[in-house]
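Okay, here's what each chain looks like letter by letter:
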Amino acid sequence: MPRLVLIPKSPDDVPVKGLIFDMDGTLCMPQTWMFAEMRRVLGITKSVDILDHIYSLDVAEQEIAHEKVRQVERRAMVQMKPQPGLEELMKFLEDNELRKAICTRNFETPVHHLLATFLPKKLFHPIVTREFKPPKPSPAGILHIANHWAIEPKHLIMVGDSVDDMLAGHRAGVTTILLESDANGHLKDATETDVVVPRLDDIINLLKDGIEIVERMPTVPQEVVKALG
């Protein structure tokens, strides 16, 4: 079976060329209270997607709702803690000249705070936030990054901790890595999850040893085609 690997050793091996990271719960430790608080201030239940709800509102109401959510995110921002193994993984990626990007449903300010606080001088580009539409679980953001890099999705990895991350990565045709937490055990055996790791720096050996891959074509809905156009 072909492997996605740092240094290909057989004709079937596929060289990894870049990693795309979620932010909340992936680059930083999970703050599960944040999403419950967002739903509370918006007056919606757990079954309702936060961004879907906001985009369903009238334009004027959307900005009010966005600001309510941003206030929660700002509170969470000052409580951020880096994931174990973050620094070690980033050093390895830079030493091996692998590209890094972020694809998050958060807004820009917490992303820049995380990078400035925990990853100064580390280059992530592009940084795709929720201002890019459609957001995850659409594959649009990941495919936008792949297009910007001019790299086929089969050479890329999406690292995340949520169902949105796994769905978006799977639909984009990239390999998915789930960062394990107390809240996402139900995703370990999901079709969209290719590999599970307990720590970020466990990805280092995966890249060295290779990840068995099942080739799949990206699933690109019409709205994604428009977003990428």
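Everything in this summary refers to the structure shown in the same document. (Residues numbered from 1 in each chain as written. Predicted model: local features only at pLDDT ≥ 70, side-chain atom pairs only at ≥ 80, totals over all residues. Heavy atoms only, no water.)

1. Brief notes about unusual backbone geometry
Inference 1: The omega torsion of the bond from H125 to P126 falls at 0 degrees, within 30 degrees of zero and hence cis.
Inference 2: Across the junction of K136 and P137, the peptide omega takes the value 15 degrees, indicating a cis bond.
Inference 3: Secondary-structure assignment places P137 in the loop between β5 (127–128) and α6 (140–149).
Inference 4: For E97, which is not glycine, the phi dihedral falls at a positive 55 degrees.
Inference 5: Of note, E97 is situated in the loop between α4 (86–95) and β4 (99–103).
Inference 6: A positive phi angle, close to 70 degrees, is found at K121, a residue other than glycine.
Inference 7: By the secondary structure assignment, K121 is in the loop between α5 (108–118) and β5. (Helix = DSSP H or I, 4+ residues; strand = E, 2+ residues; numbered from the N terminus.)

2. Things to note about the pairing of strand β6 (residues 156–160)
Inference 1: For β6, a buried count of five out of five residues is recorded, marking the element as mostly surrounded by other parts of the structure.
Inference 2: Neither face of β6 is left uncovered, since the one carrying L156, M158 and G160 and the one carrying I157 and V159 both have all their residues buried.
Inference 3: Sheet analysis places strand β3 (residues 18–21) next to β6, joined by four bridges and oriented parallel. Bridged to G18 within β6 is L156.
Inference 4: Across four bridges, the pairing between β6 and strand β7 (residues 175–179) is parallel. Paired with V159 across the strands is I177, a residue of β7.
Inference 5: Crossover connection from β6 via helix α7 (residues 163–172) to parallel β7: handedness right-handed. (Buried < 20%, exposed > 50% of the residue type's maximum accessible area, 1.4 Å probe, protein only. Pairing = 2+ DSSP bridges. Right-handed = clockwise from strand over helix to strand, strands pointing away.)

3. Side note on the nonpolar core
Inside soluble globular proteins, nonpolar side chains tend to come together where they are buried.
Inference 1: Counting residues in each nonpolar core, the largest one holds 35 residues, and the members touching the most others are L19, F21, M90, L93, I157, I177 and I203.
Inference 2: Sorting the residues of this core by element identifies β3, α4, α5, β6, β7, β8 (195–197) and α8 (202–209) as the ones contributing at least two each.
Inference 3: With five residues, α4 is the largest single contributor of residues to this core.
Inference 4: Each residue touching I177, except ones within four places of it in the same chain, is listed here: I157, M158, V159, G160, M166, V195, V197, I203, L206 and I211.
Inference 5: In terms of nonpolar packing, the next biggest core, distinct from the first, is built from 17 residues, A101, I145, M158 and V174 among them. (Core = buried A, V, L, I, M, F, W, Y, C linked by side-chain atoms within 4.5 Å. Contact = heavy atoms within 4.5 Å.)

4. Points about the pairing of β4
Note on strand geometry: in a regular strand, side chains alternate between the two faces of the sheet.
Inference 1: Counting buried positions along β4 gives four out of five residues, so the element sits mostly inside the fold.
Inference 2: Both β3 and β4 contribute to a ladder of four bridges, which runs parallel. Within the sheet, the bridge partner assigned to G18 lies in β4 and is R99.
Inference 3: Sheet analysis places β4 next to β5, joined by two bridges and oriented parallel. Along β5, the bridge assignment pairs I102 with I127.

5. Describing the packing of aromatic side chains
Inference 1: Under the counting rule described, the total for this entry stands at one aromatic pair.
Inference 2: Seen from their ring centres, F21 and F124 are 6.3 Å apart, and the 75 degrees between their planes marks the pair as edge-to-face. Residue F21 is located in strand β3, and its partner F124 is located in the loop between α5 and β5; the two are separated by 103 residues in the primary sequence. Comparing F21 with F124, the two get one shared label, buried.
Inference 3: The aromatic ring of F124 is capped on one face by K100, whose charged end is 5.3 Å from the ring centroid. (Phe/Tyr/Trp six-rings, centres within 6.5 Å; stacked < 30°, edge-to-face > 60°. Lys NZ or Arg CZ within 6 Å of the ring centre and 35° of its normal.)

6. Quick notes on the pattern of salt bridges
Inference 1: Per the counting criterion, the structure on display carries 15 salt bridges.
Inference 2: Residues D13 and R3 are paired through a salt bridge, measuring 2.7 Å at the closest nitrogen-oxygen approach. In this pair, D13 is assigned in the loop between β1 (3–5) and β2 (14–15) and R3 in strand β1, connecting sequence segments 10 residues apart.
Inference 3: In the salt-bridge network here, residues are joined through shared partners; they are E63, E67, R70 and R74. (Salt bridge = Lys/Arg side-chain N within 4 Å of Asp/Glu carboxyl O.)

7. Section: the sheet that holds β1
Inference 1: On the basis of which strands lie adjacent, the open sheet formed by three strands has the order β2-β1-β9 and mixed pairing. Bordering the open sheet on either side are β2 and β9 (211–212), each of which pairs with just one other strand.
Inference 2: Relative to β2, β1 is paired through two bridges, and the arrangement is parallel. Note on β2: the bridge partner recorded for L4 is V14.

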